[in-house]
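Here are the chains, one letter per residue:
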Amino acid sequence: MAGAERLICAAADLRAGDNGVRFEAAGQAAFAVRWQGEVFGWLNQCRHVALELDWNPGRFFDDSGLYLICATHGALYEPDTGLCVSGPCHGRALFPIQLVERDGYVYLVET
Ligand code: FES
């Protein structure tokens, strides 16, 4: 059975390589970003130390717009796989949050 869905934001609020949208999932901080046309959701928790990634609320991408960056020690994560490709947690991955984009809105799939 599919989980219930909860509205997160309008699809237009997420632009590729731009600010993400913060939300809570099961009482934990999470965020959504758009990358190459698709929406991805991740727990907002670095895999080095369990701190939130964004240095300003919603700022998840680095200057290149290619990677998600942790504000604390600069770990870089792939926006689509969540894999850390550089930094102290190299090889670990962010925890995924299931999102669905439909009819101009993005929803959290609660399981
Ligand atoms: S807490 Fe994120 S890189 Fe150290």
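As the structure is a prediction and not an experimental result, all values here were calculated from the model.

## Digging into the layout of surface pockets
Quantified by volume, the largest pocket comes out at close to 190 Å³. Around the largest pocket, the lining residues are Arg 6, Ala 25, Ala 26, Gln 28, Leu 43, Pro 96, Ile 97, Gln 98, Leu 108, Val 109, Glu 110 and Thr 111. Those elements that provide at least two residues to the lining of the largest pocket are β8 (96–97) and β10 (105–110). Taken together, the residues that form the lining of the largest pocket break down as 7 nonpolar, 3 polar and 2 charged.

## A short note on the sheet that holds strand β7 (residues 84–86)
Read from one edge of the open sheet, 3 strands run β5-β6-β7, paired in antiparallel fashion. The outermost strands of the open sheet, each flanked by one partner alone, are β5 (68–69) and β7. When β5 meets strand β6 (residues 76–77), the two strands line up antiparallel, connected through 2 bridges. Looking at the pairing, Ile 69 lines up with Leu 76 of β6.

## What about the nonpolar core?
One finds Phe 31, Leu 53, Leu 68 and Tyr 77 to be the most contacted residues of the largest nonpolar core, which totals 16 residues. At the level of elements, β3 (28–35) and β4 (38–43) are the ones that each hand at least two residues to this core. The dominant element in this core, judged by the number of residues it contributes, is β3, at 3 residues. Not counting the four nearest positions on each side in its chain, Tyr 77 is found in contact with Cys 46, Arg 47, His 48, Leu 53, Tyr 67, Leu 68, Gly 82, Leu 83, Cys 84, Cys 89, Arg 92 and Leu 94. Grouped together as the second largest cluster of nonpolar side chains are 15 residues, Ile 8, Leu 43, Leu 99 and Leu 108 included.

## Looking at the sheet that holds strand β9 (residues 99–102)
The strands making up a sheet are joined through hydrogen bonds of the backbone, oriented either antiparallel or parallel. What the 3 strands build is an open sheet, ordered β1-β10-β9; its pairing is antiparallel. The open sheet terminates on both sides in strands that have one partner only, identified here as β1 (4–10) and β9. The average undirected angle you get between the axes of adjacent strands in this sheet is 35 degrees. Across 4 bridges, β9 lies against β10 in antiparallel orientation.

Rules used throughout
Residues numbered from 1 in each chain as written. Predicted model: local features only at pLDDT ≥ 70, side-chain atom pairs only at ≥ 80, totals over all residues. Heavy atoms only, no water. 1 Å grid on protein atoms, 1.4 Å probe; cavity = no way out; pocket = protein on both sides within 12 Å on 5 of 7 lines; lining within 4 Å. Points joined across faces, edges and corners; volume = space filled by probe spheres on them. Helix = DSSP H or I, 4+ residues; strand = E, 2+ residues; numbered from the N terminus. Nonpolar A, V, L, I, M, F, W, Y, C, P; charged D, E, K, R; others polar. Pairing = 2+ DSSP bridges. Core = buried A, V, L, I, M, F, W, Y, C linked by side-chain atoms within 4.5 Å. Buried < 20%, exposed > 50% of the residue type's maximum accessible area, 1.4 Å probe, protein only. Contact = heavy atoms within 4.5 Å. Axes fitted to C-alpha atoms, helices over the stretch in contact; angles between N-to-C directions.

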